[in-house]
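So the chains spell out like this:
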Amino acid sequence: MSDTDFSALMPLLLLAGSSVLVMLLIVVKFSHRIIQVSSLFLFVLSFTSLFYIKKLLPYQIGTLFVIDDFGIFIIGLIVFSGLVVNILSYIYFEEKEEGPKEYYVLLFLCTLGAGVLAVSKHFVSLFLGLEILTVGLYALIAYLRKRHHSIEAGIKYLILAAFSSAFLLFGMALIYLETGTMEFSAMASHVVSMQVLPPLFITGLGMMLVGVGFKLAVVPFHMWTADVYQGAPVPVTAFIATASKGGVLAVLLRFFLAIDGFRFQTVALILICIAVASMVVGNLLALRQKNLKRILAYSSIAHLGYLMVAFIPGNTMSIQAVSFYLFAYFATTLAAFGVIAVLSGREEDAEEIENYRGLFWRHPGQACILSAALLSLAGIPLTAGFTGKFYILAAGIQKGFWALAIILVVSSVFGLYYYLRVITAMFTGTGQTIPEEDEKHPVFFRVSMLILSVLAVVIIWLGVYPDQVISYMQQLQVK
Amino acid sequence: MILVALICITMTGGILGLILGKWNKNLPRWIALASVSAGFLILVSFWLNLNQSISINNDGNWLIEFRQTWIGSFGISFHLAADGLSFLLLILTFFLGIIAVLCSWTEITERTGFYYFNLLWILAGVSGVFMAMDLFLFYFFWEVMLIPMYFLIGIWGSENRVYAAYKFFIFTQASGLLMLLAILGLYFIHAQNTGIYTFDYFELAGTIVPPAFAFWLTMGFMIAFAVKLPIVPFHTWLPDAHSEAPTTGSLILAGLLLKTGAYGMLRFVIPLFPATAHQIAFPAMLLGVLGIIYGAILAFSQTDLKRLVAFTSVSHMGFVMIGIFSFNELALQGVVMQLVTHAISTGALFIMAGMLKERLHTRDMNRMGGLWLGMPQMGAIGLLFAMASLGLPGTGNFIAEFLILLGAFKANIWLTVLATSGLVFSAVYSLRIVQKIFLGPQQEQQQTLDFSLREKLVMAVLTLSIIGLGLYPQPVLNTAAPAINKLVSIMMTEPVDLQKDRQTYVRH
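In this text, all values refer to a predicted model and were calculated from it rather than measured experimentally. (Residues numbered from 1 in each chain as written. Chains lettered and ligands numbered in written order. Predicted model: local features only at pLDDT ≥ 70, side-chain atom pairs only at ≥ 80, totals over all residues. Heavy atoms only, no water.)

1. A short note on the overall build of chain A
Moving on, step 1. What chain A contains, in helices and strands, is 20 helices and 2 strands.
Moving on, step 2. By the compact-globule yardstick of 23 Å for 479 residues, chain A fits well, its C-alpha radius of gyration being 21 Å.
Moving on, step 3. If you line up chain A on its principal axes, its C-alpha atoms span 65 × 55 × 40 Å.
Moving on, step 4. Across the 479 residues in chain A, those meeting the buried criterion constitute 65%. (Helix = DSSP H or I, 4+ residues; strand = E, 2+ residues; numbered from the N terminus. Rg over C-alpha atoms; globule rule 2.2 N^0.38 Å. Buried < 20%, exposed > 50% of the residue type's maximum accessible area, 1.4 Å probe, protein only.)

2. A closer look at the packing of aromatic side chains
Moving on, step 1. The final tally for this structure, using the stated rule, is 78 aromatic pairs over all chains.
Moving on, step 2. We note Arg29(B) situated over the ring of Trp105(B); from NZ or CZ to the ring centre the distance is 5.5 Å.
Moving on, step 3. Looking at Arg111(B), its charged tip hangs above the ring of Trp361(A), at a distance of 3.7 Å from the centre. (Phe/Tyr/Trp six-rings, centres within 6.5 Å; stacked < 30°, edge-to-face > 60°. Lys NZ or Arg CZ within 6 Å of the ring centre and 35° of its normal.)

3. A word on helix α2 (residues 10-27) of chain A
All names here are of chain A.
Moving on, step 1. When the terminal C-alpha atoms of α2 are compared, their 25 Å separation across 18 residues agrees well with the 26 Å that a helix rising 1.5 Å per residue should span.
Moving on, step 2. Of all the residues in α2, the buried ones are Pro11, Leu12, Leu14, Leu15, Ser18, Ser19, Val22, Leu25 and Ile26. Buried residues along α2 cover an arc of 155° about the axis, so they all sit on one side.
Moving on, step 3. Lys29, located one to two residues past α2, shows a positive phi value of around 65°. (Expected span 1.5 Å × (residues − 1). Arc of directions from axis to C-beta.)

4. A few points about the interface of chain A and chain B
Moving on, step 1. If you look at the interface, chain A gives 39 residues, while chain B gives 37 residues.
Moving on, step 2. Summed over the three residues of chain A that lose the most area to chain B, namely Phe390(A), Trp402(A) and Leu420(A), the buried surface amounts to 17% of that side.
Moving on, step 3. For the interface between chain A and chain B, the tally reads 0 salt bridges.
Moving on, step 4. The interface formed by chain A and chain B includes 6 residue pairs in polar contact (both at pLDDT 80 or more).
Moving on, step 5. A per-element tally of the side of chain A that touches chain B places helix α18 (residues 402-427) of chain A first, with 13 residues.
Moving on, step 6. A breakdown of the residues in the side of chain A that touches chain B according to their chemical character gives 28 nonpolar, 9 polar and 2 charged. (Contact = heavy atoms within 4.5 Å. Buried area = accessible area lost by both parts, 1.4 Å probe. Salt bridge = Lys/Arg side-chain N within 4 Å of Asp/Glu carboxyl O. Polar contact = N/O pair within 3.5 Å; in protein donor to acceptor, adjacent residues only side chain to side chain. Nonpolar A, V, L, I, M, F, W, Y, C, P; charged D, E, K, R; others polar.)

5. A short note on the pattern of salt bridges
Moving on, step 1. As enumerated under the stated definition, the model contains 15 salt bridges over all chains in all.
Moving on, step 2. Close ionic contact of Lys167(B) with Asp240(B) constitutes a salt bridge, the shortest N to O distance being 2.8 Å. In this pair, Lys167(B) sits in helix α7 (residues 161-194) while Asp240(B) sits in helix α10 (residues 237-244), placing the two residues 73 residues apart along the sequence. We note that Lys167(B), like Asp240(B), is buried.
Moving on, step 3. Overlapping salt bridges, with partners in common, bring together Arg147(A), Lys293(A), Asp349(A) and Glu351(A) in one network.

6. Side note on the side chain of Arg254(A)
Residues and elements named next belong to chain A.
Moving on, step 1. Along the chain, the position of Arg254 falls in helix α11 (residues 234-259).
Moving on, step 2. A relative accessible area of 3% means that Arg254 is categorised as buried.
Moving on, step 3. If near-sequence neighbours (up to four positions away) are discounted, Arg254 is found in contact with Val66, Asp68, Phe70, Gly71, Ala118, Val119, Ser120, Phe184, Val478 and Lys479.

7. Some thoughts on a nonpolar patch on the surface
Residue and element names in this part refer to chain A.
Moving on, step 1. Where nonpolar side chains cluster on the molecular surface, the patch consists of Val280, Leu284, Ile406, Val410 and Phe414 and spans about 380 Å² of accessible area.
Moving on, step 2. Contributing elements (two or more residues each) for the nonpolar patch: α12 (265-286) and α18.
Moving on, step 3. Broken down by element, the residue count for the nonpolar patch peaks at 3 residues, all from α18.
Moving on, step 4. By the element assignment, Phe414 lies in helix α18. (Patch = residues over 30% accessible without salt bridge, like charges linked within 9 Å, V, L, I, M, F, W, Y side chains within 5 Å. Areas by Shrake-Rupley, 256 points an atom, 1.4 Å probe, with all protein chains shown as cover.)

8. Considerations on the pairing of strand β1 (residues 62-71) of chain B
Moving on, step 1. Across 8 bridges, the pairing between β1(B) and strand β2 (residues 76-83) of chain B is antiparallel. Across the sheet, residue Gln68(B) finds its bridge partner in β2(B), namely Phe78(B). (Pairing = 2+ DSSP bridges.)

9. Quick word on the packing of helix α3 (residues 32-52) of chain A against helix α5 (residues 102-119) of chain A
Residues and elements named next belong to chain A.
Moving on, step 1. α5 packs onto α3 with a crossing angle of 15° between their chain directions and a minimal axis gap of 11 Å. Comparing their axes, α5 and α3 come out roughly parallel. Seen along the crossing, α3 lies across α5 with a hand that is right-handed. Across from His32, Ile35, Gln36, Ser39, Leu42 and Phe43 in α3, the residues of α5 making contact are Tyr104, Leu107, Phe108 and Thr111.
Moving on, step 2. Residues of the contact of α3 with α5, tallied by class, amount to 6 nonpolar, 4 polar and no charged. (Axes fitted to C-alpha atoms, helices over the stretch in contact; angles between N-to-C directions. Parallel < 35°, antiparallel > 145°, perpendicular 65-115°, else oblique. Left-handed = near helix turned anticlockwise from the far one by under 90°.)

10. Some points on unusual backbone geometry
Residues and elements named next belong to chain A.
Moving on, step 1. Cis peptide bonds are those with omega within 30 degrees of zero, and the linkage from Val219 to Pro220 qualifies with 5°.
Moving on, step 2. Secondary-structure assignment places Pro220 in the loop between α9 (199-216) and α10 (225-231).
Moving on, step 3. The phi dihedral of Lys29 falls on the positive side, at around 65°, and the residue is not glycine.
Moving on, step 4. Note on placement: Lys29 falls in the loop between α2 and α3.
Moving on, step 5. Its identity is not glycine, yet Leu382 carries a phi of approximately 80°, on the positive side.
Moving on, step 6. Checked against the element boundaries, Leu382 lands in the loop between α16 (364-378) and α17 (384-398).
Moving on, step 7. Overall, Leu382 belongs to the partly exposed group, its relative accessible area being 22%.

11. Some words on the nonpolar core
Moving on, step 1. In terms of nonpolar packing, the biggest core is built from 403 residues, with Phe221(B) and Phe325(B) touching the most fellow members.
Moving on, step 2. With 21 residues, helix α14 (residues 316-343) of chain A is the largest single contributor of residues to this core.
Moving on, step 3. What Phe325(B) contacts, discounting residues up to four positions off in sequence, is Met222(B), Met265(B), Ala277(B), Ile280(B), Ala281(B), Ala284(B) and Met285(B). (Core = buried A, V, L, I, M, F, W, Y, C linked by side-chain atoms within 4.5 Å.)

12. Regarding the packing of α5(A) against α11(A)
Residue and element names in this part refer to chain A.
Moving on, step 1. For the pair α5 and α11, interaxial distance at closest approach is 7 Å and the crossing angle is 20°. As summarised for this structure, α5 and α11 are arranged roughly parallel, according to the angle between their axes. Crossing hand, α5 versus α11: left-handed. Here Tyr103, Leu107, Cys110, Thr111, Ala114, Leu117, Ala118 and Val119 of α5 lie close against α11, whose contacting residues are Pro235, Val236, Phe239, Ala243, Gly247, Val248, Ala250, Val251 and Arg254.

13. Describing the confidence of the model for chain B
Residues and elements named next belong to chain B.
Moving on, step 1. Confidence in the prediction for chain B averages 87 pLDDT; 94% of positions are at 70 or higher.
Moving on, step 2. The model gives residues 496-508 a pLDDT under 50, and that stretch makes 30 contacts with residues more than four places away or in other chains.
Moving on, step 3. In the predicted assembly, ipTM is 0.86 and pTM is 0.90. (pLDDT = per-residue confidence, 0-100.)

14. Re the side chain of Ser165(A)
Moving on, step 1. One can find Ser165(A) in helix α7 (residues 148-179).
Moving on, step 2. With sequence-adjacent residues up to four places away left out, Ser165(A) is seen in contact with Phe127(A), Glu131(A) and Lys215(A).

15. Here's the deal with the environment of Ser2(A)
Residues and elements named next belong to chain A.
Moving on, step 1. Within the fold, Ser2 resides in the segment before α1 (3-8).
Moving on, step 2. Exposure remark for Ser2: the relative accessible area of 32% places this residue in the partly exposed category.
Moving on, step 3. Between the C-alpha atom of Ser2 and that of Val342, which follows or precedes it by 340 residues, the distance is 45 Å.
Moving on, step 4. Looking at Ser2, its side chain comes within polar contact range of the side chain of Thr4, at 3.0 Å.

16. Regarding α7(B)
Moving on, step 1. Counted at 1.5 Å a residue, the expected span for α7(B) with its 34 residues is 50 Å, and the 48 Å between its end C-alpha atoms agrees.
Moving on, step 2. With its phi angle positive at about 80°, Gly195(B) sits one or two positions after the end of α7(B).

Below, the structure is given as C-alpha cells:
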C-alpha cells in the first residue's frame, strides 16, 4: 500500500483507530463525559478528513475498494449519523447503565463497517464490512441488558443476521462458481454480453438478495424490524435505521450498476416485487401501531421500498435520486429518533403515542422538530421528504415505471394517516404523562437540541431550496 | 413584485403572530388583521389603477408577472403571474381573509398565535395557487394550504374534529398526488418532444401529448380538482370537514378552497388538454347536474345547519362544473361570478351558523325557531342570504346562475333543463332555513343577543358586496373577460386542428 492509499482510506482508518483509542481511554478509567466528548471529537475528525481526500477521487485501492464521489458521500452520511447518535447517546445512557463507555467503541466499529460497505467493490470487502457492522450491532441492540426487550431484540437480530449472512455467503459462492471472480467489474465483463443470466448466477443473486434484504428490512425479510427497533436503545435504533441501511443500500446499488443487473428482466421483476411489497406492507402494518418506535420501524420498511423505486430504473437519475433520498431520510430519521431520545426518561423510553399528547404546548421546540420530521417522512411539501419523493417519482416515471409510481403514491397516502396521528396527538390535549425534563445535564441537553435543530433546518432547507444539493447530487458518479 | 409581496406578507405575518402570541394573546389577531388588510389594499389599489386599462378586447391578458429560478436543475422556477381571473380570485382571497380574521375575533381564545399562523398560511397557500405559473410551484402551494387547514379543523373544530380533519387531509392529499404524477408525466413528455426539462406553464401549454396518454394525464388533474370542488362521488369529505371546522374554517373552505378546484380546471385542464376536455365534457356536465340535484336533496334533509350549508355548496359547485364544460363565454363568465358570489353568500351563511352556535350552543335546527323576535337584524340578514343562495334576482348569485344556465343551454339543452330544476330545490332548502330558524314557534328559554358592532360590520360588508354584485356585475365580468375569451378561443380552434401551436394563449 502506498501513502496515497493510506490517505484515501483516511476516514475509515480514523474510525478504526478511534475505536482503539476509546478502548484505551476506558482502560485509563476516564469518565463517561470525557469519553463522550473525545469520541465526538474523533467523529468530527473523521468527517472533516472526507473533505481532504476529495482531490484524490476517484481512487482504486487494490481490488477491494473504490473511493469515488458516491462512496465519499455515503461515508459522509454514515459518519454524520454516527456523530449525531454519539451526541444523543450521552443523556440517554448517562443514568441508565453502570458503564456506558464501551458503547462508544461499538459505535465506532459499526460506523466503520457501514463505511467499508459504501466503498466496497468486491465480495470480500462487502462481507467484511457487513460483519463488522452487524457484530457490533448485536451488542449495541442488547446494550441495556437489564431490560427484557433489549435482550429479546438482540437475540432476534443475532439469529436473523447470522442466518442472512449465511444466505449471502452461499449466494456469493454460487456467483463465484459461475463467474470465477469476486470483483464487481470482473463479474460485469463476464455477464456483459449475455441476454439472459445463467441459472446459477440468478440463484446466487437471489440468495444474496435474501441476505441483503434482511439487512435492509424489506418485505418479505422484515420480520425482525419492529421488535428490534422497539427493543434497542433509541440512539441505536436511529443508527440501525440510518447508517446500517445506507451502507448496505450503497453497496447494493454499486453492485447492480456494475453488472448492469437492471437490464435482466428476471432481476428487475424480483426487485419490483420487493419494492411493491415493502411499500404496501410497511405502510399497512404501521397503521394500527400505537408505539412510535414501531411506527417508525414499519415506516422505514416503506421508505426502503420507495428507495427501491428509485433504484430499479437503473439510470443516471437513480444514483441521484437514491443519494438525495438517503440524505433526506438520514436527516429526517435522525431528527425523529433524536426527539424520542431526548424525551426518554430514566425508566421508560418515550415511545407510546400517548406520551406525546399535548407535547406542542409543553415543549414547542421538540414538537416542531418531530413534526417537521414526520411531515418529511410523509412527504409533504416544504420538507426534504417531499423533494426526495419527487426525485424518486421522477426517476421512476422517466423510465416509464408508471405502476411503481402509482403504487408509491397510493401507499404513501396510507402512510399519511399514521404520521398525522402522531402529529395530531402532539397538538391536542395537555397531557402530563411525560415526567418533566430534570435538566441534569443542561449542557448536553442543549447540544442535543442544537443538533436536532440543525437537522430540522436541513429538513426544511432541502424542502424549500434544494437546488444546491441537487446540483451536487448530479455530479455524483459511481466508478 | 406585488405577487411575491402578497405571499410574503401573509407568511411573515403568520410567523410573527406565532412568535408574539407567546407574550400577548391579543397581538396575533391584530397582526393577522393588519397583514391581510395590507394585502387587500395592495390588490385593490392595483386593480383600480388597472381598471381603466382593462377592456373586453384587450389582448395582453397577463397583467403582472414575477419570475425567478428556484430549482434550476429540474427546470423549476418561482414563476407567478396574474390575469383577470387570478386577480378576481386574489381579491376574493384577501377579502375573505379579512372577514375570517374578524369572525374569529372572539370565537378563538386559546392558542391564538398558532391559530392565526394557520389561517394566514392557508391564505398564503391559496393565493399562491391562484398565481403559480409553474406546475411544480402550483402543486407546492396546493399542498401548502392543506396542513394548516388540517390543524385548523383538527384543533379548533367541534366534537368529531379529528375524524373530519383526517378525512379532509387524506382525500385532498391522495388526489393531489395523482395530480403530481400527471404533472410529472407531462414534464417528461414535454422533455421527450423538445429536449427541454421545464415545469413552466407557458412552455407546457404547447406540449403535444399522445391522445392515449392525454386522457390519463387529464384524469390526474381532473380528479384532484374534482375532489376539491367537490364533484359528487368525491364530495364525502366536505360535509364532515365543514360541519366540524370552526366558523372561519368553514368560511375559508367554502369560500376559497373549493374555488381552487374550479380555478385549476379553468387554468390547467382546459388550456393544457383541450382535446380531452372536449371528450370528457358530457360526463363532466352530467356529474355537475347530479351534484346539483343530489346536493340540494341532501341539503334539504339535514338538521344540522352547517351540514345543510355544506351540501348547498355541493349543489352550487355543480353549476360551476356545468359552466366550465360548456366552453362558451356566457357560461364561463357565469362560472367566475358563481365563484365570487358563492364565496360571499355561503360564507355569510356559515358565519351566521357560527354566530347562532355561539349564542344557542347548538347547530341543530330542530332546537331553533322563532329567533326573529329576539334577533330581528340577524333574521333579516339571514333571510337575505338565504334568498341569495336560492338565486334571487338582485343578488350576485342570480347573475351567476343565470349566465351559467344561459351558456349551458347552448351546449346541452337537456342537461340544462335538469340543472334548472336545481333552482327549485334551492328555493326549498333556503326557505326551510328561514322557516326553521327564524320563523315558526319560539323555542323555550333561548338566549337571544342580536349583532354586536363587529358582527354588524362583517355582515354589512358581505351584504353590500352581494347586492352590489347583483346590481352591477360589470366590473367583475370585464376583469375576467380577457382570460375567458382566450379560453373560449382555445376550445373553438382546438378540435379542428390538434397540431396547432397553442402557445398563443399564454405567450405575451
